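Listed below are the residues making up each chain.
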Amino acid sequence: MQLRHPCHRLRQQFRCFATKYSGRVVVEAEDGRSFAVEVDTPTLHTDSRGYALPRRDLICKVSQILKSPPSPSDPFLDLSDYLDTLTITLTPSEASEVLKSLKSPNLALRFFRFCPSEIPKFRHDCFTYNRILLILSKSSLPNRLDCVREIVDEMERTGIQGNISTVNLLIGTFGDGQGNGVNELTRLCNPDKALKVYQEMRRRGYRLDIFAYNMLLDALARDQKVDQVHKVFEDMKKWHCEPDEYTYTILIRMTGKLGKPGESLSFFQEMLSKGISPNLIAYNTMIEALAKGRMVDKSIFVFSKMVENSCRPNEFTYSIILNVLAAEGQLGRLDEVVEISKRYMNKSIYAYLVRTLSKIGHASEAHRLFCNMWSFHDRGDRDAYLSMLESLCNSKKVTEAIDLLNKMNEKGVKADSFMYNTVFSALGKLKQIPHLHDLYEKMKQDGPSPDIFTYNILISSFGRAGEVGEALKIFEELENSNCKPDIVSYNSLINCLGKNGDIDEAHMKFIEMQEKGLNPDVVTYSTLIECFGKTEKVETARRLFDEMLAAGCYPNIVTYNILLDCLERSGRTSEAVSLYAKLKEQGLAADSITYTILERLQSGSHRTSRIRRKNPITGWVVSPLR
């Protein structure tokens, strides 16, 4: 008779007294008969020191029983049946492995309770307690904190001494209101709760390690509980737990944020005096504290020591130095910083400095640094070159920008359409038409191919300069290229034609874009309304406005200002007032241009006859023309 997994029914029929005998179990039935059965009893192995090793087959079997799909019978009854077939009881280390495999915290907690109550002579140890504490700390159970407290109380009642992992788990659990455990403590911890747990652990005689102290210090420091930080720090040294670089970094960061760079420096010097080598984070934190206090000389001195001790600065290090130099008007000392760290000055660091200087508006410094990069490196950095182009263009140094664009190939950087478009845009704003022509011809000859943005920028630029023929020529090239005109292309051309007096052609382009399936937007309508309004074709402008509304294109404050100005200048005061009322109904906020037009309306400069009548919307007295 082979019996591998007795079911609950067999358990009711037999009162089993099992003894190990040559691989068999002797079973005594209620009628007095006895017989031997083969059972699947996992073999107990030991390591070289004689300690029992976890039996993987047993762990898998127990886990399988507990995680089996729901059935009418209780899995814990099935588990009890199975364990009755074993001659060697489940060990705490094996129970810990089973707990680890269970995904459900409720199931894990139930198994944790099952072991000492149903398995003879089973007694949880510190590791099984830590395992269930970890499972509960990561769970989303609404009563998880109460469960943790019950487990801790049970540990104390049964005389199980926790270890440092227990302390870390408890600080993480009670310090973190989000249930994310130890790893999240420094970010989400409730420092008051963490401090209470720490005090309770000290009362119970637990000794914390450096990891636990650093977690607690960081939590308190982030909440600016300065007195408690100092007390815990002194307590840490009193109990012979030596601070490390992370401990001092926490203290330096806290005092730096409080605007006490002198105290930060004292902690930094204390760290050095203990023979602790600061890491990158410690150096950055110290430099940041000094920079916050506008202590330029000391910031650069610590930076030099950082390099001297072979700690490589990163972009954050340079950003701190750069910001304090800019704030104190000492950007000239950037050369000193570059010289100090020249063995670490690679392309990416140069590129970062160029980008940052460009963004904060120091084009000359960015260009000077860029020239250094150009001289010292055979190959360039695309981002640095683009930043330099943008900086030069923003500073209206278009000649230098064109020169850089032409020389990029020398450093292995290929100018792309985005770079060309950056320079085209700057040239267009400055109406540098000859340069615009030359650069466009070079682009067509050497590449890259113009894209839709290139064409749109050129159409707008030529239109701004009054070069209508050139704008039409570019538009024609666009139509014959791989790109096709979009709404921006038509808007740019319509604006060019209308602003340069060819309103009929502008209107034809407006109709053409609709025929090609492009729906005019608020910019299209606003541009045409302005063009017709300024050529005193008020009716056409008003009709376009109505057409815009009918098409479901909602006017913005710019559109209203254009039409208000048109109506006011033509003396159509009543219509202007009605339009202003509609603007208010739409919920748009009037701007300075709107108020200027309204002031002109109120002054009555265009009225030819007056009928004193109070408008119900504005309260003004107006006289519509007859």
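Right, let's walk through the structure included here. (Residues numbered from 1 in each chain as written. Predicted model: local features only at pLDDT ≥ 70, side-chain atom pairs only at ≥ 80, totals over all residues. Heavy atoms only, no water.)

**Some details on the overall build of the protein**
Phase 1 of the analysis: Along the backbone of the protein there are 33 helices and five strands.
Phase 2 of the analysis: Within the protein, the proportion of its 626 residues that are buried is 47%.
Phase 3 of the analysis: Taking the contacts inside the protein whose residues are at least 6 apart along the sequence as the reference set, 60% of them involve residues at least 24 apart.
Phase 4 of the analysis: About 32,100 Å² of surface is accessible on the protein, with carbon and sulfur atoms providing 50% of the total. (Helix = DSSP H or I, 4+ residues; strand = E, 2+ residues; numbered from the N terminus. Buried < 20%, exposed > 50% of the residue type's maximum accessible area, 1.4 Å probe, protein only. Contact = heavy atoms within 4.5 Å. Areas by Shrake-Rupley, 256 points an atom, 1.4 Å probe, with all protein chains shown as cover.)

**Digging into the packing of helix α29 (residues 522-534) against helix α31 (residues 557-569)**
Phase 1 of the analysis: As a packed pair, α29 and α31 sit with axes 9 Å apart at the nearest point and diverge in direction by 15°. The orientation of α29 with respect to α31, classified from their angle, is roughly parallel. At the point where α29 passes α31, the crossing takes the left-handed sense. Residues V522, S526, I529, E530 and G533 of α29 pack against T559, I562, L563 and C566 of α31.
Phase 2 of the analysis: Residue composition of the contact of α29 with α31, by class: five nonpolar, three polar and one charged. (Axes fitted to C-alpha atoms, helices over the stretch in contact; angles between N-to-C directions. Parallel < 35°, antiparallel > 145°, perpendicular 65-115°, else oblique. Left-handed = near helix turned anticlockwise from the far one by under 90°. Nonpolar A, V, L, I, M, F, W, Y, C, P; charged D, E, K, R; others polar.)

**A look at helix α32 (residues 573-585)**
Given 3.6 residues to a turn, an α-helix orients residues that are three or four positions apart in the same direction.
Phase 1 of the analysis: Between its terminal C-alpha atoms α32 stretches 19 Å, which fits the 18 Å expected from 13 residues at 1.5 Å a residue.
Phase 2 of the analysis: T573, A576, V577, L579, Y580, A581 and L583 are the residues of α32 that are buried.
Phase 3 of the analysis: Directly beyond the C-terminal end of α32, a positive phi value near 85° is found at G587. (Expected span 1.5 Å × (residues − 1).)

**Focus on unusual backbone geometry**
Phase 1 of the analysis: Here G447 and P448 are connected by a cis peptide whose omega angle stands at 0°.
Phase 2 of the analysis: Structurally, P448 is set in the loop between α24 (433-446) and α25 (452-464).
Phase 3 of the analysis: One non-glycine residue, S310, adopts positive backbone phi at about 60°.
Phase 4 of the analysis: Mapped onto the secondary structure, S310 falls in the loop between α16 (296-308) and α17 (315-327).

**With respect to the pattern of salt bridges**
Phase 1 of the analysis: With the rule as written, the count across this model stands at 36 salt bridges.
Phase 2 of the analysis: Here E234 ties to K237 by a salt bridge, and the two come within 3.5 Å at their closest N and O atoms. Of this pair, E234 and K237 both sit in helix α12 (residues 226-238), separated by three residues, roughly a single helical turn.
Phase 3 of the analysis: Given the relative accessible area of 26%, K237 is considered partly exposed.
Phase 4 of the analysis: E270 serves as the salt-bridge partner of K237, at 3.7 Å between the closest nitrogen and oxygen. Note that K237 is positioned in helix α12 and E270 in helix α14 (residues 261-273), a separation of 33 residues in sequence.
Phase 5 of the analysis: According to the relative accessible area criterion, E270 is partly exposed, its value standing at 23%.
Phase 6 of the analysis: Taken together, the salt bridges that share partners define one network made up of E479, K509, E512 and K516. (Salt bridge = Lys/Arg side-chain N within 4 Å of Asp/Glu carboxyl O.)

These figures come from the coordinates and say nothing about function on their own.
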